[in-house]
Amino acid sequence: FRFLTDSIQKYIAARHYRNNYGRGYFFNRIARTGSTALPTMHVAYIRIIGPYGEKESYERGWGSLCDFLKECTLQSSATRWFGISFDDPTVTQKKRCRFYACASVPQKIKPSGAIGSLTIENGPYVVYTYRGSYKGLLRAYTYIYSKEKERLRNALSFEEYVTWSKNPSEQITKIYIPIRLNQ
């Protein structure tokens with residue numbers, strides 16, 4: 001009888017994991033929410049090199065970017081926050097992964113110290129909304145690229161941090177993938 005109870009508990013635990021954290025759980029957290037023609041956007045950025053999401057370097061990078069924006073009175077309620085990942089961490093050594101922490105600015109700025117200026121070109125993008133921890137973004141990008149691979153165009157993919165929360169399951173991120181309209 002004890003063996004049967006243990007087996008049932010393991011089955012229930014495995015089923016709970018699959019339903020709440022496995023494949024189904026992930027696909028409940030990402031959805032294609034449309035396409036958009038983005039206008040040209042100017043962003044200020046700071047480059048972070050190292051494992052994606054590494055707490056210390058990311059806090060330091062985002063903090064420096066915010067300090068710069070405040071110093072130059074560029075931060076407002078209209079400021080949008082973006083991230084651009086340049087490397088696939090399954091291919092590139094984690095310590096060499098490049099990430100730009102970005103904030104929208106009203107016009108092109110002059111680079112200053114570690115702060116750079118980048119223009120995100122206008123064009124068509126497919127938009128996916130992802131809900132959950134930033135740790136799931138690699139899986140989200142892998143899923144999206146598998147769905148959109150026939151329509152990709154040569155431009156930057158990026159993510160917009162719509163809401164941030166201390167509870168990672170409440171975080172909302174929009175992922176913008178550049179696409180060709182005519183197929």
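Note: the structure precedes this text.
Keep in mind the model is a prediction, meaning the values are calculated, not measured.

### Some points on the overall build of the chain
Looking only at helices and strands, one finds 4 helices and 8 strands in the chain. When burial is assessed residue by residue, the chain has 37% of its 183 residues classed as buried. Counting only contacts in the chain whose residues sit at least 6 apart along the sequence, the fraction spanning at least 24 positions is 73%.

### Concerning the sheet that holds strand β6 (residues 123–131)
In any sheet, the strands associate via hydrogen bonds between backbone groups, in a parallel or an antiparallel arrangement. Here 8 strands make up an open sheet; going across it, the order is β1-β6-β8-β7-β3-β4-β2-β5 and the pairing antiparallel. In the strand order of this sheet, the two ends are held by β1 (30–38) and β5 (115–120), each with one partner. When strand polarity is set aside, the average angle formed by the axes of neighbouring strands in this sheet is 30 degrees. Sitting on the sheet, helix α3 (residues 55–71) is in contact with β2 (41–49), β3 (81–85), β4 (98–105), β5 and β7 (158–163), with an inclination near 145 degrees to β2.

### Points about helix α4 (residues 137–148)
Its 12 residues place the ends of α4 16 Å apart at the C-alpha level, agreeing with the 16 Å of an ideal helix rising 1.5 Å per residue. Buried within α4 we find L137, A140, Y141, I144 and E148. When α4 is viewed along its axis, its buried side chains cluster within an angular range of 95 degrees and face the same direction.

### Side note on the packing of aromatic side chains
Taken as a whole and judged by the stated rule, the model has 13 aromatic pairs. Their ring planes at 80 degrees and their centres at 6.4 Å tell us that Y125 and Y176 sit as a pair that is edge-to-face. One end of the pair, Y125, is in strand β6; the other, Y176, is in strand β8 (residues 172–178), and 51 residues separate them in sequence. Among the residues examined, Y125 registers a relative accessible area of 1% and is labelled buried. Feature note: the residues Y52, Y58, W62, W81, F99, Y134 and Y161 constitute an aromatic cluster, connected by ring pairs. Sitting above the plane of the Y125 ring, R153 keeps its charged end 4.9 Å from the centroid.

### Observations regarding the side chain of S165
With respect to the secondary-structure elements, S165 resides in the loop between β7 and β8. At a separation of 3.3 Å, a polar atom in the side chain of S165 contacts the side chain of E170. Sequence-distant contacts of S165, that is, excluding residues within four places in its chain, are made with E170 and Q171.

### With respect to the pairing of β6
The buried fraction of β6 amounts to 7 of the 9 residues, a majority that puts the element mostly inside the structure. Sheet analysis places β1 next to β6, joined by 8 bridges and oriented antiparallel. Of the residues in β6, the one forming a bridge with L38 is G123. With 7 bridges joining them, β6 and β8 adopt antiparallel strand pairing. Across the sheet, Y130 pairs through a bridge with T173, a residue of β8.

### Regarding the pattern of salt bridges
Overall, the coordinates contain 6 salt bridges when judged by the stated rule. With a shortest N-O distance of 3.3 Å, E56 and R60 are connected by a salt bridge. Of this pair, E56 and R60 are both found in helix α3, 4 residues apart, which corresponds to roughly one turn of the helix. Given a relative accessible area of 59%, E56 falls into the exposed group. A salt bridge links E148 to R151; the shortest N-O distance between them is 3.0 Å. With relative accessibility at 3%, the residue E148 sits in the buried group. A residue is classified by how much of its surface remains accessible, and R151, at 22% relative accessible area, is partly exposed. It is possible to trace a salt-bridge network through shared partners that takes in R32, E148 and R151.

Analysis parameters
- Residues numbered from 1 in each chain as written.
- Predicted model: local features only at pLDDT ≥ 70, side-chain atom pairs only at ≥ 80, totals over all residues.
- Heavy atoms only, no water.
- Helix = DSSP H or I, 4+ residues; strand = E, 2+ residues; numbered from the N terminus.
- Buried < 20%, exposed > 50% of the residue type's maximum accessible area, 1.4 Å probe, protein only.
- Contact = heavy atoms within 4.5 Å.
- Pairing = 2+ DSSP bridges.
- Axes fitted to C-alpha atoms, helices over the stretch in contact; angles between N-to-C directions.
- Expected span 1.5 Å × (residues − 1).
- Arc of directions from axis to C-beta.
- Phe/Tyr/Trp six-rings, centres within 6.5 Å; stacked < 30°, edge-to-face > 60°.
- Lys NZ or Arg CZ within 6 Å of the ring centre and 35° of its normal.
- Polar contact = N/O pair within 3.5 Å; in protein donor to acceptor, adjacent residues only side chain to side chain.
- Salt bridge = Lys/Arg side-chain N within 4 Å of Asp/Glu carboxyl O.

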